[in-house]
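Architecture at a glance
If you want the building blocks of each chain, they are given just below.
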Amino acid sequence: YFETTQPTRMIKAFLDEEIKPAKYYRPLINAVESLGEGDLVYLSVNSYGGYLDGAIALINAMHSTDANVHCCIDGTAASAASLIALASPSVSVSPYASMMIHAATFGSFGKQSDVISHASFVDKQVKSLMHDIYKDFLTEQEFQEVMLGKEVWFDSEEIIQRLERRAELQKKRALAQEKEAKKAKSTTKKSD
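In what follows, the accompanying structure is described.

**Details of the packing of helix 2 (residues 52–64) against helix 4 (residues 112–134)**
Viewed as axis vectors pointing N to C, helix 2 and helix 4 meet at an angle of 45 degrees, and their least axial separation amounts to 13 Å. Judged on the interaxial angle alone, helix 4 and helix 2 are oblique. Two packed elements cross with a definite hand, and for helix 2 against helix 4 that hand is left-handed. Contact residues: Leu52, Ile56 and Ile59 in helix 2; Gln125, Val126, Leu129 and Ile133 in helix 4. Its residues placed into classes, the contact of helix 2 with helix 4 shows six nonpolar, one polar and no charged.

Here is the structure:
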């Protein structure tokens with residue numbers, strides 16, 4: 001018989017202030033990148049949001065690590081903080097948690113053509129990011145309303161219900177894709 005022990009590391013981070021610019025999270029991101037399979041990243045979220053680039057940096061770190069990532073919405077997950085929470089592969093919700101989702105707020109200055117170009121780029125980038133993260137959490141109609149400026153709020157029960165519905169829809173989609181892949185593989189074998 002063979003026995004081995006492997007140390008497990010855990011990084012716990014509290015996102016309980018404004019989401020800062022990406023450079024603020026360099027030490028946390030470096031620490032997350034140093035984790036391996038079996039390690040844990042635990043994010044406690046209680047923030048009204050902040051900088052999109054900081055949220056994107058944290059989301060990218062969550063998606064690129066081999067560690068398990070869990071996010072607990074301990075209070076409010078608003079704006080950029082909702083993106084971070086919903087991008088996590090594992091989410092839990094405290095009894096009095098809340099979430100707010102809205103379209104991005106940003107500013108631009110410079111020559112007219114530069115402002116138009118920048119606004120167009122940000123619109124495209126934010127819509128893509130938000131669609132990927134809020135897919136199956138918001139309905140398509142809710143997503144369109146948010147993009148038109150509506151702010152939506154959810155209490156802990158609504159967040160849990162929407163997370164459960166999202167998990168069911170993602171599972172159905174994965175099963176359908178698996179079925180299609182098997183069908184395509186079967187068709188390829190028959191034509192050989």
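**Brief notes about the pairing of strand 6 (residues 152–155)**
Regular strands have side chains that alternate between both faces of the sheet. Side chains Val152 and Phe154 of strand 6 all project onto a buried face; the interleaved residues Trp153 and Asp155 project onto a face where none is buried. Summarising the sheet, strand 5 (residues 98–101) and strand 6 pair through four bridges and their orientation is antiparallel. The residue bridging Met100 from the neighbouring strand is Trp153, located in strand 6.

**A short note on helix 4**
For helix 4, spanning 23 residues, the distance from its first C-alpha to its last is 32 Å, which sits close to the expected 33 Å at 1.5 Å a residue. For helix 4, the complete set of buried residues consists of Val122, Val126, Leu129, Met130, Ile133 and Tyr134. With its phi angle positive at about 75 degrees, Asp136 sits one or two positions after the end of helix 4.

**Structural notes on the nonpolar core**
Among the nonpolar cores identified, the biggest contains 50 residues, and Ile84, Met99, Ile101, Phe137 and Leu138 are the most heavily contacted of them. Ranked by residues supplied to this core, first place goes to helix 3 (residues 80–87) with seven residues. The contacts of Phe137, once residues within four sequence positions are left out, are Leu86, Met99, Ile101, Glu142, Phe154, Ile159, Arg162, Leu163, Arg165 and Arg166.

Criteria and thresholds
Residues numbered from 1 in each chain as written. Predicted model: local features only at pLDDT ≥ 70, side-chain atom pairs only at ≥ 80, totals over all residues. Heavy atoms only, no water. Axes fitted to C-alpha atoms, helices over the stretch in contact; angles between N-to-C directions. Helix = DSSP H or I, 4+ residues; strand = E, 2+ residues; numbered from the N terminus. Parallel < 35°, antiparallel > 145°, perpendicular 65-115°, else oblique. Left-handed = near helix turned anticlockwise from the far one by under 90°. Contact = heavy atoms within 4.5 Å. Nonpolar A, V, L, I, M, F, W, Y, C, P; charged D, E, K, R; others polar. Buried < 20%, exposed > 50% of the residue type's maximum accessible area, 1.4 Å probe, protein only. Pairing = 2+ DSSP bridges. Expected span 1.5 Å × (residues − 1). Core = buried A, V, L, I, M, F, W, Y, C linked by side-chain atoms within 4.5 Å.

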